[in-house]
Amino acid sequence: MRGLVRSFYREHYWRAVYADAMPAPLAVVVFDSAVAHGRNRALRCLQEALNTMYGFSRVDVDGVFRLDSRLALDVLLARHDWYLQTLVAETLRIRQGCCDLIACGDRCARPVCRSRVLGVQRMAEKYLHPAQAGPECQPGLELAC
């Protein structure tokens, strides 16, 4: 059963948002966003974050990870590690805005969504700063944390 669940999430979420083409912390954030909000919304958050990082509308925010989105991501990440950290934070900030809009009428849903985003943010920080992480959260290992 565990194998079926893994293959389902790998095919329908991980590969659907091209997480294999992203560095570990960003891939985890986009993957979790896809599971929580849908693949299209997750890619929209990433595309909007890319545009924010560039300071202008470089990619279409349409939820389709085309060549322009891939090139913008590659160019940005090739610069410095700081850009990866900032892109992860910006993607999480935009995602939190989507969560707040979705839960605007339900006061019980906001804390749950915020705690999930904070958990993903902590996990991403452990990937960005592996020296501070425990052995279960090192890049390349199972997502056990």
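Peer 1: Explain the confidence of the model for the protein here, please?
Peer 2: Note: predicted coordinates in regions of low pLDDT should not be interpreted at a detailed level. Averaged over all residues, the pLDDT of the protein equals 80, while 78% of them reach at least 70. Ranking the elements of the protein by mean pLDDT puts helix α6 (residues 109-128) last, at 70, and helix α3 (residues 39-54) first, at 93. Contacts from residues 132-145, a stretch scored under 50 in pLDDT, to residues over four places away or in other chains number 20 contacts.

Peer 1: I would appreciate a short explanation of the packing of aromatic side chains in the present structure.
Peer 2: Each aromatic ring pair is specified by the distance between its two centres and by the angle formed by the two planes. What the rule picks out here adds up to seven aromatic pairs. When the centroid spacing of 5.5 Å and the interplanar angle of 65° are considered together, the rings of W14 and F31 count as edge-to-face. Highlighted residues: W14 in helix α1 (residues 2-14) and F31 in helix α2 (residues 24-37), separated in sequence by 17 residues. The partly exposed category is assigned to W14, whose relative accessible area is 23%. Joined through ring pairs, the aromatic side chains of F8, Y9 and Y13 make up one cluster. Over the ring of Y83 we find R79; its NZ or CZ atom is 5.5 Å from the centre of that ring.

Peer 1: Would you mind going over unusual backbone geometry with me for this structure?
Peer 2: When glycine is set aside, most residues are seen to have a negative phi, and most peptide bonds are trans. Here Y18, not a glycine, exhibits a phi torsion of approximately 60°, which is positive. You can see Y18 is positioned in the loop between α1 and α2. Classification of Y18 by relative accessible area gives partly exposed; the value is 34%.

Peer 1: Explain α2 here, please?
Peer 2: Side chains of residues three or four places apart in an α-helix project in the same direction, reflecting 3.6 residues per turn. Spanning 14 residues, α2 covers 20 Å between terminal C-alpha atoms, matching the ideal 20 Å at 1.5 Å per step. Most of α2 sits inside the fold, with 10 of its 14 residues counted as buried. When we look at burial in α2, the residues that qualify are P25, L26, A27, V28, V29, V30, F31, D32, S33 and A34. Within two residues after α2, G38 carries a phi angle of roughly 105°, on the positive side.

Peer 1: What's the story with the side chain of N51 in this structure? I'm lost.
Peer 2: For N51, the position within the fold is in helix α3. The buried category is assigned to N51, whose relative accessible area is 10%. Filtering out sequence-adjacent residues up to four positions away, N51 remains in contact with F56, S57, R58, V59 and V61.

Peer 1: Is there a simple way to explain the nonpolar core in this structure?
Peer 2: Looking at soluble globular proteins, one finds that nonpolar side chains tend to be buried together. Of all hydrophobic cores here, the largest spans 33 residues; its most connected members are M22, L26, V30, L46, L50 and L87. Of all the secondary structure elements, the ones that give two or more residues to this core are α2, α3, α4 (67-77), α5 (81-102) and α6. Look past the residues within four positions of V30 in its chain and what remains in contact with it is V17, M22, A42, L43 and L46.

Peer 1: Can you help me understand the pattern of salt bridges in this one?
Peer 2: Pairing is possible between side chains of opposite charge, provided their charged atoms come close. Evaluation of the coordinates by the stated rule reveals four salt bridges. Residue R15 is joined to E11 by a salt bridge in which the shortest nitrogen-to-oxygen separation is 2.3 Å. Of the residues examined, E11 reaches a relative accessible area of 41% and is grouped as partly exposed. Residue R95 pairs with D32 through a salt bridge whose shortest N-O separation is 2.8 Å. On the criterion of sequence distance, the pair formed by R95 in helix α5 and D32 in helix α2 is long-range, its members being 63 residues apart. Here the two residues R95 and D32 agree in accessibility, since each one is buried.

Parameters and conventions
- Residues numbered from 1 in each chain as written.
- Predicted model: local features only at pLDDT ≥ 70, side-chain atom pairs only at ≥ 80, totals over all residues.
- Heavy atoms only, no water.
- pLDDT = per-residue confidence, 0-100.
- Helix = DSSP H or I, 4+ residues; strand = E, 2+ residues; numbered from the N terminus.
- Contact = heavy atoms within 4.5 Å.
- Phe/Tyr/Trp six-rings, centres within 6.5 Å; stacked < 30°, edge-to-face > 60°.
- Buried < 20%, exposed > 50% of the residue type's maximum accessible area, 1.4 Å probe, protein only.
- Lys NZ or Arg CZ within 6 Å of the ring centre and 35° of its normal.
- Expected span 1.5 Å × (residues − 1).
- Core = buried A, V, L, I, M, F, W, Y, C linked by side-chain atoms within 4.5 Å.
- Salt bridge = Lys/Arg side-chain N within 4 Å of Asp/Glu carboxyl O.

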